[in-house]
Amino acid sequence: MSAVLQANTLDILRKRYFRKDEAGRILEDFPGLCRRVARYVAQAEPDEPHGRRAEVEETFYRLMESRTFLPNSPTLFNAGTAQPMLSACFILPVEDSIRGIYKSIADGAVIEKLGGGIGMDFSQLRPQGARTALGGVASGPLSFMTSFQTMSETIRQGGRRRGAMMAMLDVQHPDILAFLDAKRATPPGRARQLAVEHNLPESLAQELLTDLGWQAPYSGFNLTVKLTDTFMAAVETDGLFPLRDPQGGVWNGGITDPRGALRATPLPEGGLGLPARAVWQRIIANAWQAAEPGIAFIDRINRDNPVRSLGEIRSSNPCGEYWQVGYNSCNLGSLNLTRFLRSNRSIDWARLARAARTAARFLDHVITVSQYPIPEIASVTRQTRPTGLGVMGYADLLLALGIRYGSPESIALAGRLMQWIQYWAWVESTQLAREFGSFPELDRNRGYFDAKMRQLTERFGQTFTGPEFVALGGEAPSRLDELYGQWGVRNCQVTVEAPTGSLSLIAECSSGIEPVFAFAYERQDSLGTRAYQHPAAAAWAQASPGQPLPDYFVDAAAITPEQHILVQAAFQQHIDNAVSKTVNLPAGASERDVEQAYRLAYEHGLKSVTVYVEGSREGVLRRSAPRSDTATAVVAPVAAPVHAVAPAGAIVRPEYLRGLTRKIRTPAGTVYVTVNYDTEARQITEVFVRESSGNEAWELIGRLLSLLLRARVPLQKILPQLYRTRGQNTIVLDQRILTSTAQAIAHTLESAEEIFRSPDAGTAALPVTSPAAPPAPTPARARECPECGREALYPSGGCLTCVRCGYSTCGGSIN
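Calculation criteria
- Residue indices begin from 1 for each chain and proceed along its sequence in written order.
- With the structure being a predicted model, the display of local features is reserved for residues of pLDDT at least 70 and the display and counting of side-chain atom pairs for 80 or more, all residues being used for whole-chain, interface and lining totals.
- The side-chain quantities take in all heavy atoms of the structure and omit both hydrogens and water.
- By definition, any uninterrupted DSSP run of H or I lasting at least four residues is a helix, any uninterrupted run of E lasting at least two residues is a strand, and each is numbered from the N terminus.
- Only protein chains enter the area calculation, which uses a 1.4 Å probe; residues under 20% of their type maximum are buried, those over 50% are exposed, and those in between are partly exposed.
- The contact criterion used is simple: two residues touch if any of their non-hydrogen atoms lie within 4.5 Å.
- Accessible surface area values rest on a Shrake-Rupley calculation with a 1.4 Å probe, where residue burial reflects the displayed protein chains alone.
- Here a helix's expected span is defined as the number of its residues, less one, multiplied by 1.5 Å.
- Strands qualify as paired when DSSP identifies two bridges or more between them.
- To obtain each axis, a line is fitted to C-alpha atoms, and for helices this fit is confined to the stretch in contact; angles are then taken between N-to-C directions over 0 to 180 degrees.
- Count a disulfide wherever a pair of cysteine sulfur atoms falls within 2.5 Å.
- Two aromatic rings, drawn from Phe, Tyr or Trp (for Trp, its six-membered ring), form a pair once their centres lie within 6.5 Å of each other, and the interplanar angle then sorts them: stacked below 30 degrees, edge-to-face above 60, tilted otherwise.
- Salt bridges are defined as contacts in which a side-chain nitrogen from Lys or Arg sits within 4 Å of a carboxyl oxygen from Asp or Glu.

1. Brief notes about the overall build of the chain
Along the chain, the regular secondary structure elements total 26 helices and 28 strands. Here the chain, with 815 residues, has 58% of them falling under the buried criterion. For the chain, restricting intrachain contacts to residue pairs at least 6 apart in sequence, the fraction spanning at least 24 positions comes to 72%. As displayed, the chain has an accessible area near 32,800 Å², and 51% of this comes from carbon and sulfur atoms.

2. Quick word on helix 22 (residues 561-572)
With twelve residues, helix 22 extends 16 Å between its outermost C-alpha atoms, agreeing within 8% with the 16 Å of an ideal straight helix rising 1.5 Å per residue. Of all the twelve residues making up helix 22, ten are buried; the element is thus mostly covered by neighbouring parts of the structure.

3. Details of the sheet that holds strand 6 (residues 240-242)
In spatial order, the strands read 6-8-7; together these three strands make up an open sheet with antiparallel pairing. Two strands close off the open sheet at either side, each with one partner strand: strand 6 and strand 7 (265-266). For strand 6 and strand 8 (residues 272-275), the ladder comprises three bridges, and the chain directions are antiparallel. Within strand 8, the residue paired with Pro242 across the bridge is Gly273. Against the sheet, helix 11 (residues 276-290) contacts strand 6 and strand 8, and its axis sits at roughly 55° relative to strand 8.

4. Side note on the state of the cysteines
Going through the model one piece at a time under the given rule, you end up with one disulfide. Covalently, Cys89 is tied to Cys330 through a disulfide, its sulfur atoms 1.8 Å apart. On the criterion of sequence distance, the pair formed by Cys89 in strand 2 (residues 89-92) and Cys330 in strand 12 (residues 329-330) is long-range, its members being 241 residues apart. The exposure class of Cys330 is buried, given its relative accessible area of 0%.

5. Re the packing of aromatic side chains
Considering all chains together, one arrives at 26 aromatic pairs under this definition. Ring geometry for Phe460 versus Phe464: centroids 4.9 Å apart, planes at 40°, classification tilted. Overall, Phe460 belongs to the buried group, its relative accessible area being 7%. Here Phe464 falls in the buried class, since its relative accessible area comes to 8%. When the centroid spacing of 4.8 Å and the interplanar angle of 20° are considered together, the rings of Tyr677 and Phe756 count as stacked. With a gap of 79 residues between them, Tyr677 in strand 22 (residues 669-678) and Phe756 in helix 26 (residues 741-757) connect regions that are remote in the sequence. You'll find Tyr677 and Phe756 in the same group, each marked buried. Through pairs of rings, three or more aromatic residues link up here, namely Trp349, Trp420, Tyr423, Trp424, Phe460 and Phe464.

6. What to know about the pairing of strand 13 (residues 332-336)
Taking burial as the measure, the five residues of strand 13 include five buried ones, the bulk of the element. What you see with strand 13 is no split at all: Leu332, Ser334 and Asn336 on one side and Gly333 and Leu335 on the other are buried throughout. The sheet contact formed by strand 1 (residues 69-71) and strand 13 spans three bridges and is antiparallel. Bridged to Leu70 within strand 13 is Ser334. In this structure, strand 13 lies alongside strand 14 (residues 388-392), joined through five bridges in parallel fashion. Its bridge partner lying in strand 14, Asn336 is registered against Met392.

7. As for the pattern of salt bridges
Applying the stated criterion across every chain, the model contains 35 salt bridges. Glu376 is paired through a salt bridge with Lys103; the nearest N and O atoms lie 2.9 Å apart. Of this pair, Glu376 sits in helix 14 (residues 375-384) while Lys103 sits in helix 5 (residues 98-113), placing them 273 residues apart in sequence. By relative accessible area, Glu376 is classed as partly exposed at 27%. We classify Lys103 as partly exposed; its relative accessible area is 32%. A salt bridge links Arg361 to Glu435, with the nearest nitrogen and oxygen atoms 2.8 Å apart. Of this pair, Arg361 sits in helix 13 (residues 349-369) while Glu435 is found in helix 16 (residues 408-436), placing the two residues 74 residues apart along the sequence. Relative accessible area serves as the criterion here: at 10%, Arg361 is assigned to the buried category. What emerges from the salt-bridge pattern is a single network uniting Glu45, Arg52, Arg357, Arg361, Glu428 and Glu435.

Here it is, written out as structure tokens:
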């Protein structure tokens, strides 16, 4: 029996996972959910001898109910229901024909309707301006990405969660420059039109569009550029790399650079090339500014393709950890590493081996009992039978062991843990092959697997030589290569490290292999602003009152780019597919830091990597200075990336501002107005408006007001416009009768101005940010989740995840 579930865990389960009747009444508890899933998946087992199936079901049940292992969310949602689609995400090919493109759009609609994520590569589409078979002109990959985006938004309106899509393009595609800037480009004339309508400088209007994400219609995509070995070599030599015609051969047509900075150059061997280092720097700059695009080393990925008989790997799932051939699907699950820690602070390796084998069997059975959205996916998935066992709770395990994340000791432990899990998962795959047969494509890929099984066995024997590994529960370790030689294997892969947004919240452990993002953060919801602490930090504070945290308590921003990459590489070395992890960098990180992470990723054998610089995206959890004792004093979230260049004459936002928040009750709901004051400029420079129902118009009003104030438009010119806005409701504020929310905002601005300029204004000042004593863990300021409305988004595993409800930008709560 597992421990009592925390209130937040129960909230997530009740909202997303527990079965409900037509009236919305909950029909199960957590043990009931685990029983439903275990019973359905165990149907893949024969009941001979009698009782075997029930025994396997009980083993599955105990593993999940103790939260030692959890499968991906679709399995928890759908197993044992009328619509048992249990896979999390799918790879769709996008062929260079109208029929092929729109078939993929239709297939994608079916997948998104059922809650799955989609990965797509657009590299086979001919570039913009190329000739078509009928003599027309191609519109290029980005135009068809718009069609997929429209489909996704349409399905999203009627579905229970946001769809997730990955868009990829080869770096050698002629439209690569437009792809890299896809999310930066604003619609033609939009900034000019906005400037005229609102009497703004055009530069300020452009900044507004950027702040709002009002850019190009690709917000539903994660973007990844696929880098080749040829490109990386050209980066090193500062040379040119060739562009390739998707139809075959070199490219001699035109290219389009949205910035007008780069031109193609004829190559001696024919065709055109681009300067590799300039393209590399643009990739880095965009990732630094907005966390996209991610990068993937596609040649390395295809060298490790286990089913070459079915063609090249072209794309991954939306989070970047699962690379497979077209029409394949990912079936993921995670072991909670904190469950394998003994009371003497050692790892229970025997129990971990047994759990890895049970989880591997569970995931293979999911393939057998799952339904699939389209026939092609069912066929390819059953031909290859890929499973994806990974881990979560790694950072929490390190804290329990007193090991600093990113230290040599933590890196060594990461490699040993994953090597152990991978080996025993493959051992179970040979047992499954003995019972049910090898996966159908094995014989056409024997050369790859012969070498892989031999290598896994040799390396395992070299690593695990101590007495604790000689016998596991009285059984000698099996030689994997011998078992494979006798029975084959049931699966083309068995390990993947996926993001574990919702799963780690249910398991009440740290996410995936990520470090703790923040040991303390604030969340604002309908009950007000509340502070939260990581359980390990809270336990230390209780056991050692007044003492600073030990040096092994490090959050994501305290870890160097090299340490992030080395931890990821330690896991990647023993992962059959890839690793989803975010290299979180602090707000002061430079483009050089991003470049260092990318170069290290290539040097250390990673397949893909995502970098997030704190503050580079709106709506993401951020650190802030600790709140003062004054209830109304706040540290406001940064309204734009800290590196943004302000228009000439405009006020540049400092790192910290002094602020007041007022709660205003209106007939339409509660409105929170935050007003921030710049002591150097001696004026209000920021306004944030948030309405409890989530009306985005009020956020827009706050942004517009902030831009006007930063442009030094006097408050006295702004207030009359707000007061002239009349409504039908009555709002009483400071004994004044107002008729609109706009008027209430105006009155709040006036009141705040008086407070800030009064002699007592210092009572709302920020606390000292550099105390002499070692500081407490720095709180993080969480931002609003689009699913639950609470401010709790943070970057993890290449996605943004809500620590409150489990929402993820990689598709609701896919994992």
